[in-house]
Amino acid sequence: MTIVQKTLLYVFLAFAILFICLLPLEPYAGNFAIKAIPAISLATLAFIAVTGIRGKLLFASLLFCAAADIALELRIEMSFIIGLGLFLVAHILFIATFSRDFKAQKSKISVIILLVVYAMMMAFVLTPQLQEMAIPVYIYLTAITLMGIFAALRASENDFTLHGAIAFIVSDSILAINKFMMPAPAADYLVMITYYLSLFLIVYSFLKE
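Residues numbered from 1 in each chain as written. Predicted model: local features only at pLDDT ≥ 70, side-chain atom pairs only at ≥ 80, totals over all residues. Heavy atoms only, no water.

A. View of unusual backbone geometry. With an omega of -10°, the peptide bond running from Glu 26 to Pro 27 counts as cis. The phi dihedral of Met 78 is positive, around 65°, even though this residue is not glycine. Within the fold, Met 78 resides in the loop between helix H3 (52-74) and helix H4 (79-99). Given the relative accessible area of 54%, Met 78 is considered exposed. (Helix = DSSP H or I, 4+ residues; strand = E, 2+ residues; numbered from the N terminus. Buried < 20%, exposed > 50% of the residue type's maximum accessible area, 1.4 Å probe, protein only.)

Set out below in structure tokens:
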């Protein structure tokens with residue numbers, strides 16, 4: 001790993017920790033930038049270190065994650081819908097990235113079944129609270145579940161892609177429960193820790209190769 005690549009990882013880690021530590025002070029000036037820098041640094045790292053179309057797709061995926069981070073932190077009108085839409089595009093790009101290494105694997109059938117069952121369970125639990133948000137949430141839930149499935153079916157020497165996808169699903173699950181159902185203990189911390197972990201694991205899975 002080159003000095004530039006290591007520096008980008010250090011930037012990711014430093015700003016991820018900084019944003020999480022500053023959560024009690026929300027909202028504050030410049031919070032959107034601090035929140036987005038980890039995804040931007042990983043996007044840059046992917047562009048530099050991951051060759052071919054996969055690197056470009058991963059770069060685009062992470063940039064959309066960063067854009068979604070900014071939209072959610074700006075707290076403007078419809079910021080949640082805008083953020084949801086940007087993350088939806090990010091997941092579609094993640095699917096496109098993972099599909100480049102697609103390989104049907106019988107050993108992953110149980111994982112796929114669990115992902116589908118979990119998505120159906122989340123939809124069932126959230127539905128009474130969603131109201132006009134039902135359709136957008138269902139679409140997003142479908143996309144992130146497909147992202148997890150394509151992560152599971154990615155032919156790779158490691159399972160970090162799948163672990164990252166699962167961490168992303170966990171992060172969004174906590175966020176959804178906290179927003180639509182009931183306050184979850186330490187929700188903001190758990191959402192951000194699992195979110196940043198998911199992005200790191202996805203990028204690391206490609207670097208590891």
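B. Looking closely at the side chain of Ser 173. Within the secondary structure layout, Ser 173 lies in helix H7 (residues 160-181). The residues contacting Ser 173, other than those within four sequence positions of it, are Tyr 118 and Met 122. (Contact = heavy atoms within 4.5 Å.)

C. Up close: the pattern of salt bridges. The tally for this structure, following the rule as stated, stands at seven salt bridges. As a salt-bridge pair, Lys 35 and Glu 73 come within 3.3 Å of each other at their nearest N and O atoms. On the criterion of sequence distance, the pair formed by Lys 35 in helix H2 (residues 31-49) and Glu 73 in helix H3 is long-range, its members being 38 residues apart. For Lys 35, a relative accessible area of 6% gives the class buried. Salt bridges sharing common partners tie together Arg 54, Asp 101, Arg 154 and Glu 209. (Salt bridge = Lys/Arg side-chain N within 4 Å of Asp/Glu carboxyl O.)

D. Representation of the packing of aromatic side chains within the structure. On inspection of all chains with the given rule, the structure shows 14 aromatic pairs. A ring pair is formed by Phe 98 and Phe 206, whose centres lie 6.4 Å apart and whose planes are at 20°; its orientation type is stacked. One end of the pair, Phe 98, is in helix H4; the other, Phe 206, is in helix H8 (residues 187-207), and 108 residues separate them in sequence. The same class applies to Phe 98 as to Phe 206, namely buried. Seen from their ring centres, Tyr 195 and Tyr 196 are 5.4 Å apart, and the 40° between their planes marks the pair as tilted. Each member of the pair, Tyr 195 together with Tyr 196, is buried. Joined through ring pairs, the aromatic side chains of Phe 12, Phe 87, Phe 94, Phe 98, Phe 160, Phe 168, Tyr 195, Tyr 196, Phe 200, Tyr 204 and Phe 206 make up one cluster. The ring of Phe 80 carries Lys 179 above its face, with NZ or CZ at 4.4 Å from the centroid. (Phe/Tyr/Trp six-rings, centres within 6.5 Å; stacked < 30°, edge-to-face > 60°. Lys NZ or Arg CZ within 6 Å of the ring centre and 35° of its normal.)

E. Inspection of H2 at higher detail. Here H2 spans 28 Å end to end across 19 residues, near enough to the 27 Å set by a 1.5 Å rise per residue. Largest kink in H2: about 35°, centred on Ile 37, with the proline Pro 38 one to four residues after it. Residues of H2 that are buried include every one of Asn 31, Ile 34, Lys 35, Ala 36, Pro 38, Ala 39, Ser 41, Leu 42, Ala 43, Leu 45 and Ala 46, and no others. Elements that come into contact with the buried residues of H2 comprise helix H1 (3-21), H3 and H8. (Expected span 1.5 Å × (residues − 1). Bend = angle between axes of the 7 residues up to and from the residue.)

F. Local environment of the layout of surface pockets. In this structure, the largest pocket encloses a volume near 870 Å³. Lining the largest pocket are 38 residues; nearest its centre among them are Leu 72, Phe 80, Leu 175, Lys 179 and Val 191. Of all the secondary structure elements, the ones that give two or more residues to the lining of the largest pocket are H3, H4, helix H5 (109-130), helix H6 (134-152), H7 and H8. The dominant element in the lining of the largest pocket, judged by the number of residues it contributes, is H7, at 10 residues. Of the residues belonging to the lining of the largest pocket, the class tally is 24 nonpolar, six polar and eight charged. (1 Å grid on protein atoms, 1.4 Å probe; cavity = no way out; pocket = protein on both sides within 12 Å on 5 of 7 lines; lining within 4 Å. Points joined across faces, edges and corners; volume = space filled by probe spheres on them. Nonpolar A, V, L, I, M, F, W, Y, C, P; charged D, E, K, R; others polar.)

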